[in-house]
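Residue-level listing of the chains:
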Amino acid sequence: MYRGEGDTVAEPDDIYEKVMELAKRRGFIWPSAEIYGGVAGLIDYGPLGAQMKRRIEDAWRAFYVIREGFYEIECPTVGIEPIYVASGHVKGFSDKMCQCPHCEEYLRADHVAAGAGIDGAAGMTTEALAGCLRMLPCTACGEELGEVKVFDFNLMFNTWIGPGSQRKGYLRPETAQGIFTDFPRLLRFYRDKLPFGAVQVGKSYRNEISPRQGMIRLREFTQAEAEIFVHPEGKRHPRFDRYALYEVPLLGCSAQEAKEEPVRMTMREAVEKGLVANEYVAYYIALTCDILVSIGVDPARLRFRQHLTTERAHYAADCWDAEFLSKRFGWVELVGIADRTDYDLKAHAGVSGVALTAYIPLETPRVERRRRILPDMKALGPKFRGKAKQVADALVEADPGPGGVEVTVDGEKVLIPASLYQVRDEDVEVRGVEVMPHVIEPSYGIDRMCYAVLEHAYTEDMVEGELRRVLRLPARVAPVQAGVFPLVSRDGLDRVAREIADALTGAGIFTEFDESGAIGRRYRRQDEIGTPYAVTVDYQTLEDGTVTVRERDSMAQVRVKRAALPGTLQGLIAGTLAFSSLGK
């Protein structure tokens, strides 16, 4: 927001342009390969941007790894083709594309239609979209599109693994699949007990058709994903009490259809009313809200929107998006929280042939009457020769009728007469069951989170008739945590200031020493990059050993003993100490 002198408040004309100008000038975000003209959908994080991004990732880890106790793994960004056949990406990971006949620019067809106010464009067929586009202008050149062909374009980058094109591979479009393929190892690591979770933070790649939204839509981006494996019949979160009374703005399906506003309600209320499917989904909705607010997303511009039945994956029990309000882009997805049921593990089990289940012991063993099929190998061997074992294995899993049973071997259906096997009914003591876990997946877009934090942090104040640009970043994500300034660079003030900067650095506080220009200009430079605290060494420091500590947002100043400074700043940055309590 823009704060004029007095109490007047106004929004900047185009906050996106202001944020990106500051980000480029001060080293947060730069165009990638700029000396070669750059390329859409790729960005470089400059010195301050890379630092802020790491702090946001670490804030995420503080919740998921430290507090939730989910270990982090790291998988390759290149995967073999069967992984993405199983996940559905090879067949179905595509967007609808068209090409402008005038400027020959490739366009995301549903985005062109949606931008013109056509409802439901994302769910339309290619033929229906083509009909809608005839009278619409090209978003690149402005000419009427006319008769254009709309077709599906797969978003994965493909490659070859090894020399001589030996094995086809893809750059991963998401980090989740590595966790699913590691499921057997993870299950053993967690001592064969449910629930458990694993997380991964890393690069993913999508060959976006026409990325025109800066950090919002990238071809290479960073994801932070958690996969929580739970018992399909046990979706009551063991720590639900932590967030049961936590209020979140929820925009359910019925509210969207009625064009109503989000409703704030507790997670317990949301589950009891059936708005959120279960405690696990509700828990991670609240945890996500907690994370986003802690890193600087404005809670007044944050909502959780439930996927409509037309956009929700057929296998998902429930799915919600955390969305932030951008003045340029409107409501933008930051995080997806979904109950994916057993879809992923079932798909990988089907393609790999590996049973992706967990053995769950029963509290009390039970006796079950079971039918057991005993193949007659002496008869099967001469009849089926090399396929006899495959036939026998298929028989064991079959459900025979009185006249025999039909099984499938190597894609061929084979009728096995009842004379080639025996059927016995037996009482079996069951001490446990094999269960294919369901997956709860919170998936975070780190780059979008970075942009949301920058836009929501950007403010402008008028101070003594001069414009002051400020990034009101939380101390935990600010790239520079403290600035240290000698009032003047003489009389030993610069030496003392450097000693103080070294002491802060030694205490783990990222510190910038600045002795260039007037003290007011140095404050403005730090305000612009979001540094929460500035320390000034003046002549009084030489007399009584105190320094001036200035808070960025209020511009208030207090004197603090030099010896107490590292601990004081550590407390301020961690949030365990309030600036208003200093000097009292």
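All of the points below concern the structure found in this document. (Residues numbered from 1 in each chain as written. Predicted model: local features only at pLDDT ≥ 70, side-chain atom pairs only at ≥ 80, totals over all residues. Heavy atoms only, no water.)

### So, the overall build of the protein chain
When helices and strands are tallied, the protein chain shows 19 helices and 30 strands. The principal-axis extent of the C-alpha atoms belonging to the protein chain is close to 105 × 65 × 55 Å. With 584 residues in all, the protein chain has 48% of them scored as buried. For the protein chain, the proportion of contacts with a sequence separation of at least 24, taken over those separated by at least 6, is 65%. (Helix = DSSP H or I, 4+ residues; strand = E, 2+ residues; numbered from the N terminus. Buried < 20%, exposed > 50% of the residue type's maximum accessible area, 1.4 Å probe, protein only. Contact = heavy atoms within 4.5 Å.)

### Points about the pattern of salt bridges
Tallied over the full model, the rule gives 51 salt bridges. For Asp-461, the salt bridge identified is with Arg-472, shortest N-O distance 3.0 Å. Of this pair, Asp-461 sits in strand S24 (residues 458–463) while Arg-472 sits in the loop between strand S25 (466–471) and strand S26 (482–486), and the two are eleven residues apart along the sequence. Neither residue differs from the other here; Asp-461 and Arg-472 are each classed as buried. One continuous salt-bridge network, built from bridges that share partners, spans Asp-461, Arg-468, Arg-472, Arg-524, Asp-527, Arg-550, Arg-552 and Asp-553. (Salt bridge = Lys/Arg side-chain N within 4 Å of Asp/Glu carboxyl O.)

### Observations regarding the nonpolar core
Where a protein is soluble and globular, its nonpolar side chains tend to be buried together. The biggest cluster of nonpolar side chains holds 74 residues, and the ones touching the most others in it are Phe-28, Tyr-64, Leu-250, Tyr-284, Ile-285 and Phe-304. When residues of this core are assigned to their parent elements, the largest contribution, twelve residues, is made by helix H11 (residues 279–295). Not counting chain neighbours up to four residues away, the residues in contact with Leu-250 comprise Pro-262, Val-263, Met-265, Met-267, Ala-270, Leu-275, Val-276, Ile-285, Phe-304 and Trp-320. In this structure, Leu-493, Val-496, Val-535 and Leu-582 belong to the second largest nonpolar core, which totals 23 residues. (Core = buried A, V, L, I, M, F, W, Y, C linked by side-chain atoms within 4.5 Å.)

### Details of the sheet that holds strand S18 (residues 330–339)
Read across the open sheet, the nine strands follow the order S5-S12-S13-S23-S18-S17-S16-S14-S15; overall the sheet is mixed. Where the open sheet ends on each side, the last strands, each with one partner, are strand S5 (71–72) and strand S15 (263–266). The pairing of strand S12 (residues 196–205) with strand S13 (residues 220–230) spans ten bridges and is antiparallel. Note that in S13 the partner of Phe-196 across the bridge is Phe-229. Across the sheet, helix H2 (residues 47–67) is in contact with S5, S12, S13 and strand S23 (438–445); its angle to S12 comes to roughly 160°. (Pairing = 2+ DSSP bridges. Axes fitted to C-alpha atoms, helices over the stretch in contact; angles between N-to-C directions.)

### Considering the environment of Pro-365
Locating Pro-365 in the fold gives a position in strand S19 (residues 358–375). Note on Pro-365: relative accessible area 34%, which makes it partly exposed. In this structure the C-alpha to C-alpha distance between Pro-365 and Val-430, which are 65 residues apart in sequence, comes to 5.5 Å. Not counting the four nearest positions on each side in its chain, Pro-365 is found in contact with Glu-429, Val-430 and Arg-431.

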